[in-house]
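# Architecture at a glance
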Amino acid sequence: MRKIFILSLSLFIAIAAEAKNLNKKVDVLVVCGGAGGTAAGIQSARSGAKTLIVEPSSWLGGMLTAAGVSCTDGNHDLPSGIWAEFRQKLYDRYGGPQAVATGWVSYTQFEPHVGDSIFKAMTATEKNLQVLYGYHFKKCILSGHLVQGAIFENGKNTLTIHAKIVIDGTELGDVMKASGTAYSLGMDSRKETGESMAPEQRSPIIQDITYAAILKDYGPHADMTIKKPDSYNPKLFKGCCSLSTVKDSIDRIKMLNYGRLPHGKYMINWPEYGNDIYLNVVEKSEAERTKELKKAKEHTLSFIYYIQHELGLKNLGLADDEFPTADKLPFIPYHREGRRLQGVVLLTINHILKPYDMPEKLYRTGISVGDYPIDHHHGQNPHAPHIDFPPVPSFCVPMGAIVPKVTNGLLVTEKGISSTNIVNGATRLQPCVLLTGQAAGALAALSVKSNTQPRNISVRKLQNELLNQNAYLLPLFDIKPANPYFKAAQK
């Protein structure tokens with residue numbers, strides 16, 4: 001019996017030790033299952049690569065779900081690739097396009113938990129794809145300028161992943177930083193980028209962030225008023241809406257309907273005297289970020305209290321059936337901007353405004369599309385330079401924007417692609433990020449198959465792979481994927 005006990009104890013210790021130091025080898029590792037990372041993982045697996053997504057939270061979808069920004073911006077007439085698949089699944093879930101056109105900021109709005117469930121169902125169907133939750137990225141495995149994997153932690157447990165290609169799908173470009181890859185952060189100067197609307201001098205200022213929230217209508221007689229936050233200052237929110245009933249004024253109901261979701265819910269992501277806040281946590285440690293982001297949470301809770309107490313909407317309370325968090329707030333804030341890759345090419349506003357006049361014909365190397373105007377949030381930082389942002393035509397993201405100049409074994413997606421600060425205001429929107437992530441996944445898989453670095457893959461080979469997924473290369477919105485001439489027109 002003593003021998004059996006010792007053997008069992010030894011086996012338990014061995015299993016525990018294995019759990020603390022888990023090692024895996026894959027073809028493609030995607031760090032973080034945000035919007036871009038999830039799409040990258042799905043497409044990499046579809047293209048035949050053994051793929052792993054490692055996500056720190058328990059949700060997939062990043063800003064679309066875990067950050068609660070479930071009102072999609074742009075690409076309504078560009079039903080491309082994984083974005084089109086995701087949207088169709090929303091239509092199927094809710095009952096068609098009209099069922100998700102519930103607010104006035106977007107044509108497609110949904111409950112965050114529904115988006116998470118759709119992404120999880122999509123990943124589950126891919127036999128080459130595995131998703132691990134609860135592990136936080138710590139560092140890269142490097143050999144000179146070659147990224148060979150990454151190390152993650154979950155409490156005392158360590159996860160070591162060796163991979164042929166690593167995709168940075170983090171919200172702020174943390175893998176770029178850890179791998180020593182060159183990046184930009186903040187506002188570029190016009191001398192650097194040739195953009196006439198850029199500030200004269202470079203600035204470290206980034207866009208405001210938002211800790212979004214999902215409110216739910218609990219009925220006319222309910223009182224869901226939260227505890228008054230310690231830092232509550234109603235003056236910060238005066239002007240968020242009008243008390244007037246004058247036509248075209250934004251009253252409290254119109255303000256809420258901005259992000260109205262199905263089933264009596266509202267996304268609170270309001271820029272005008274709302275819950276935007278200026279915090280720059282990009283270069284801080286994870287512990288420092290967590291501490292600093294408490295200010296953003298407090299600011300959002302103050303805005304919610306203002307809506308309930310000052311605007312008289314006490315029937316609206318934090319949704320109890322969305323985020324499985326103690327405070328009922330999203331897992332992460334809405335980061336609009338982080339580190340931006342210094343890539344093989346740099347996408348500037350000039351390439352978007354006059355794509356056919358530029359010496360670099362980047363439109364010929366398009367891998368994803370977007371059509372949202374340049375949307376920068378700088379209302380909470382009085383030191384931010386004023387920039388007049390023009391409307392822009394629909395555009396494409398070039399292949400070289402996801403490939404580092406020097407670092408090998410790495411691709412970048414999410415908001416970290418090689419664009420200027422100004423262009424980031426258009427490429428950071430959810431559908432465009434999904435599609436750029438899909439392209440990164442396809443490129444990673446092609447690199448693995450060809451046993452070469454992503455920079456060596458023919459752009460035509462990547463574009464053909466994407467066309468086979470009904471993805472757009474150029475924003476020719478009048479010829480949809482169901483059209484028999486879609487591929488020919490795109491080519």
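All of these numbers come straight from a predicted model, not from anything done at the bench.

Below, the discussion takes up the overall build of the protein. Looking only at helices and strands, the protein features 14 helices and 17 strands. Here the C-alpha radius of gyration of the protein, 23 Å, is about what a compact globule of 491 residues would show, namely 23 Å. Dimensions along the principal axes, computed over C-alpha positions, put the protein at roughly 80 × 70 × 45 Å. The burial tally for the protein puts 58% of its 491 residues in the buried class. For the protein, restricting intrachain contacts to residue pairs at least 6 apart in sequence, the fraction spanning at least 24 positions comes to 75%.

Applying the stated criterion to the full structure yields 14 aromatic pairs. Taken together, Trp-59, Phe-323 and Phe-331 form an aromatic cluster joined through their ring pairs. Sitting over the ring of Trp-104, Lys-254 keeps its end group 5.7 Å from the ring centre. Positioned above the aromatic ring of Tyr-183 is the side chain of Arg-339, whose terminal nitrogen or guanidinium carbon lies 5.5 Å from the ring centre.

With that out of the way, let us pick up the sheet that holds strand S10 (residues 260-261). Here we have four strands laid out as an open sheet, ordered S10-S11-S9-S13, and antiparallel in their pairing. Looking at strand neighbours, the two that pair on one side only are S10 and strand S13 (316-318), the edges of this open sheet. Direction of pairing for strand S9 (residues 213-217) relative to S13: antiparallel, over a ladder of three bridges. Paired with Asp-217 across the strands is Leu-316, a residue of S13. The strands touched by helix H9 (residues 286-310) are S9, strand S11 (265-268) and S13; relative to S13, the strand with the most contacts, the crossing angle is about 160°.

Taken as a whole, this structure holds one cavity of 30 Å³ or more when the rule is applied. Computed from the structure, the largest cavity encloses a volume of approximately 40 Å³. Looking at the largest cavity, the residues that line it are Met-255, Leu-256, Met-267, Ile-268, Asn-269, Trp-270, Phe-303 and Ile-307. Of all elements in the fold, only helix H8 (252-257), S11 and H9 reach the threshold of two or more residues within the lining of the largest cavity. Split by residue class, the lining of the largest cavity holds seven nonpolar, one polar and no charged.

Further remarks concern unusual backbone geometry. Even without glycine at this site, Lys-328 takes up a positive phi of about 65°. Relative to the elements of secondary structure, Lys-328 occurs in the loop between S13 and strand S14 (340-341). Using a relative accessible area of 33% as the deciding quantity, one classes Lys-328 as partly exposed.

Turning next to the pairing of S11. Alternating residues of S11 divide into Lys-265 and Met-267 and Tyr-266 and Ile-268, and every residue in both groups is buried. The sheet contact formed by S9 and S11 spans four bridges and is antiparallel. By the bridge assignment, Lys-216 is partnered in S11 with Lys-265. Pairing between S10 and S11: two bridges, direction antiparallel. In the sheet register, Leu-261 faces S11, and the bridge partner there is Lys-265. Between S10 and S11, which pair antiparallel in sequence order, lie three residues; one of them, His-263, sits at a positive phi of approximately 65°.

Conventions we followed
Residues numbered from 1 in each chain as written. Predicted model: local features only at pLDDT ≥ 70, side-chain atom pairs only at ≥ 80, totals over all residues. Heavy atoms only, no water. Helix = DSSP H or I, 4+ residues; strand = E, 2+ residues; numbered from the N terminus. Rg over C-alpha atoms; globule rule 2.2 N^0.38 Å. Buried < 20%, exposed > 50% of the residue type's maximum accessible area, 1.4 Å probe, protein only. Contact = heavy atoms within 4.5 Å. Phe/Tyr/Trp six-rings, centres within 6.5 Å; stacked < 30°, edge-to-face > 60°. Lys NZ or Arg CZ within 6 Å of the ring centre and 35° of its normal. Pairing = 2+ DSSP bridges. Axes fitted to C-alpha atoms, helices over the stretch in contact; angles between N-to-C directions. 1 Å grid on protein atoms, 1.4 Å probe; cavity = no way out; pocket = protein on both sides within 12 Å on 5 of 7 lines; lining within 4 Å. Points joined across faces, edges and corners; volume = space filled by probe spheres on them. Nonpolar A, V, L, I, M, F, W, Y, C, P; charged D, E, K, R; others polar.

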